[in-house]
Amino acid sequence: AATRGYGVSIGDLVMVAGHLTATEAHMLSSSLNAAGVPAEAADTNFVQTHSLLIGAVGGASIRVPANFVDEAHQVIAAYQRGEFDLGENFDAGSAA
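Just so we're clear, the structure is a prediction, and the values are computed from it rather than from any experiment. The numbering scheme is per chain: residues are counted from 1 as the chain's sequence reads. pLDDT decides what is reported in this predicted model: residues at 70 or higher carry local features, side-chain atom pairs at 80 or more are listed and counted, and totals for whole chains, interfaces and linings draw on all residues regardless. With hydrogens and water excluded, all non-hydrogen atoms of the structure serve as input to the side-chain values.

1. Overview of the overall build of the protein
To be explicit about the condition: Elements are defined by DSSP. Helices are runs of H or I of four residues or more, strands are runs of E of two residues or more, and each kind is numbered from the N terminus. Classification of residues uses two cut-offs on accessible area relative to the type maximum, computed with a 1.4 Å probe and protein chains only: under 20% is buried, over 50% is exposed, and between them is partly exposed. Only the protein chains shown count as cover for residues, and the accessible areas themselves come from Shrake-Rupley with a 1.4 Å probe.
Helix and strand content of the protein: four helices and three strands. Secondary structure elements of the protein occur, N-terminal to C-terminal, as β-α-β-α-α-β-α. When each of the 96 residues of the protein is scored for burial, the buried share is 32%. Total accessible area on the protein stands at roughly 6200 Å², and carbon and sulfur atoms take up 51% of it.

2. Focus: helix 1 (residues 22-34)
Let me state the cut-off plainly: What a helix is expected to span follows from its residue count: subtract one and scale by 1.5 Å. Contacts between residues were defined by any pair of non-hydrogen atoms, one from each residue, lying within 4.5 Å.
With 13 residues, helix 1 ought to run about 18 Å at 1.5 Å a step, and its terminal C-alpha atoms sit 18 Å apart, in line with that. The set of residues buried in helix 1 consists of Ala22, Ala25, Leu28, Ser29, Ser31 and Leu32. Contacts made by the buried residues of helix 1 are with strand 1 (13-20), strand 2 (40-42), helix 2 (44-49), strand 3 (60-65) and helix 4 (69-81). Gly36 lies just past helix 1 and shows a positive phi near 90°.

3. Some remarks on a nonpolar patch on the surface
To keep things clear, this is the line we draw: What goes into a patch is any residue over 30% in relative accessible area without a salt bridge, connected to like charges within 9 Å or, for nonpolar side chains (Val, Leu, Ile, Met, Phe, Trp, Tyr), within 5 Å. Any Lys or Arg side-chain nitrogen located within 4 Å of an Asp or Glu carboxyl oxygen qualifies as a salt bridge.
On the surface, Phe46, Leu53 and Val57 cluster together into a nonpolar patch covering about 230 Å² of accessible area. Residue placement: Leu53 occurs in the loop between helix 2 and helix 3 (54-57). Its relative accessible area of 39% is what places Leu53 among the partly exposed residues.

4. Things to note about the nonpolar core
The criterion, for reference: Working definition of a nonpolar core: buried Ala, Val, Leu, Ile, Met, Phe, Trp, Tyr and Cys residues. They are joined through side-chain atoms within 4.5 Å.
In this structure, Val16, Leu20, Leu28, Leu32, Val37, Ile62 and Val64 are the most contacted members of the largest nonpolar core, which totals 17 residues. Elements supplying a minimum of two residues to this core: strand 1, helix 1, strand 3 and helix 4. Apart from residues no more than four positions distant in its own chain, Leu20 is found in contact with Ala25, Leu28, Val47, Gly58, Gly59, Ala60, Ser61 and Ile62.

5. Observations concerning the sheet that holds strand 2
Counted only if it meets this: In this analysis, strands are considered paired if DSSP registers two or more bridges between them. Throughout, an axis means a line fitted to C-alpha atoms (over the contacting stretch in the case of helices), and angles, computed between N-to-C directions, take values from 0 to 180 degrees.
Pairing is antiparallel across the open sheet formed by three strands, whose spatial order is 1-3-2. Both outer strands of the open sheet, strand 1 and strand 2, are each paired with one neighbouring strand and no more. Strand-to-strand twist of the sheet, defined as the mean angle between neighbouring strand axes without regard to direction, takes the value 30°. Note: strand 1 against strand 3, five bridges, orientation antiparallel. If you follow Leu20 over to strand 3, its bridge partner there is Ala60. Across the sheet, helix 1 touches strand 1, strand 2 and strand 3, and the angle it forms with strand 3 is around 20°. Lying over the sheet, helix 4 contacts strand 1 and strand 3, oriented at roughly 25° with respect to strand 1.

6. Thoughts on the pattern of salt bridges
Counted according to the given criterion, the structure contains two salt bridges. A salt bridge links Asp43 to Arg63, with the nearest nitrogen and oxygen atoms 3.7 Å apart. Of this pair, Asp43 sits in the loop between strand 2 and helix 2 while Arg63 sits in strand 3, and the two are 20 residues apart along the sequence. The partly exposed category is assigned to Arg63, whose relative accessible area is 30%. The residue Arg81 makes a salt bridge to Glu83 at a minimum N-O spacing of 2.8 Å. In terms of burial, Arg81 and Glu83 fall into one category: exposed.

These figures come from the coordinates and say nothing about function on their own.
If you want it as C-alpha cells, here you go:
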C-alpha cells in the first residue's frame with residue numbers, strides 16, 4: 001500500500017483509465033490532482049518512446065489509490081464531458 005506523503009496508507013494503486021497517449025495521461029492526471037485525487041500517469045515514457053507498440057501495451061494509463069477510485073471516476077467523467085474546457089477565447093491574464 002502506498003503512502004505518497006500522506007503519512008498513512010491510502011491503498012494500493014488501481015488503474016482507472018487506459019489506452020491513452022502520453023499527453024492525454026498527463027493532462028488527466030493533472031486534472032485529477034487538481035481535484036484533490038492523488039493520481040499518477042503510468043507508462044508515459046514507454047508509450048512516447050515506442051509509439052508503434054501502443055496497441056500492444058494498452059497505451060499510457062492513470063493510477064489512483066484504491067480508496068480514491070470513486071472520486072477519480074467522477075472527475076474523469078466530468079473531464080470527458082468537457083467541464084474543464086477553457087474555451088476558445090480563454091485569456092489566462094484575466095483569470096483570478
